[in-house]
Amino acid sequence: MSTGNVEAVFLSPESGEPMESIERGEVIESKGIRGDRYFKKEGLWNLLDQDPDRDTKGASDITFIESEALEAVERDAGISIGEGAHRRNVRTRDVPLNHLVGRRFTVGEITCEGIELCEPCGYMQSLIGEDGLSDALVHRGGLNARVVSSGTISVGDEIQW
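Residues numbered from 1 in each chain as written. Predicted model: local features only at pLDDT ≥ 70, side-chain atom pairs only at ≥ 80, totals over all residues. Heavy atoms only, no water.

Now for the side chain of arginine 37. For arginine 37, the location among the structural elements is in the loop between strand S4 (32-33) and helix H1 (44-49). The exposure class assigned to arginine 37 is buried, which follows from its relative accessible area of 2%. A polar contact of 2.9 Å, which involves the side chain of arginine 37, links it to the side chain of aspartate 36. (Helix = DSSP H or I, 4+ residues; strand = E, 2+ residues; numbered from the N terminus. Buried < 20%, exposed > 50% of the residue type's maximum accessible area, 1.4 Å probe, protein only. Polar contact = N/O pair within 3.5 Å; in protein donor to acceptor, adjacent residues only side chain to side chain.)

If you want it as structure tokens, here you go:
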């Protein structure tokens, strides 16, 4: 079994609003983090998932991004992504998120299943205002996941897969 950890947890009560850093959050099966836009089915991806022509593996309850990916974007592309500006719920350390597509993993008390890579989009780039950000994050933009079992998520939680 491999392990990493949660470095930060974020939520945004409304789609497009700034992400708020939290120390601990309640996570509900098939819904996400209580208080987040995805929990209320109001996030951008929830709206896109209603499009019958969109090729997707299902709505995401929670999103993850690697600290190492953010550091690489700053190092390689000279783009600094501010705290929470990445629009993902959980920032990880020592977790190869791309390898968790189609796999179950635990985050503290909760169990998640990786659905698909969370590829960068023009929406995030427009909110951050940095040309080239989407290109810099291709294949390292994070992971969309489904929450399989409820519990709490906290900064410092161990992630196991």
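Attention now goes to the pairing of strand S9 (residues 143-149). Counted residue by residue, S9 has 5 buried out of 7 residues, so it is predominantly covered. Alignment of strand S5 (residues 62-66) against S9, held across 3 bridges, turns out to be antiparallel. Each residue of the ladder has a partner; that of phenylalanine 64, found in S9, is leucine 143. (Pairing = 2+ DSSP bridges.)

So, on to the sheet that holds strand S10 (residues 151-154). In spatial order, the strands read S4-S3-S10; together these 3 strands make up an open sheet with antiparallel pairing. Strands at the two margins of the open sheet, each flanked by one partner only, are S4 and S10. Bridging between strand S3 (residues 24-28) and S4 involves 2 bridges; their strand directions are antiparallel. Residue pairing across strands places valine 27 opposite isoleucine 33, the latter belonging to S4.

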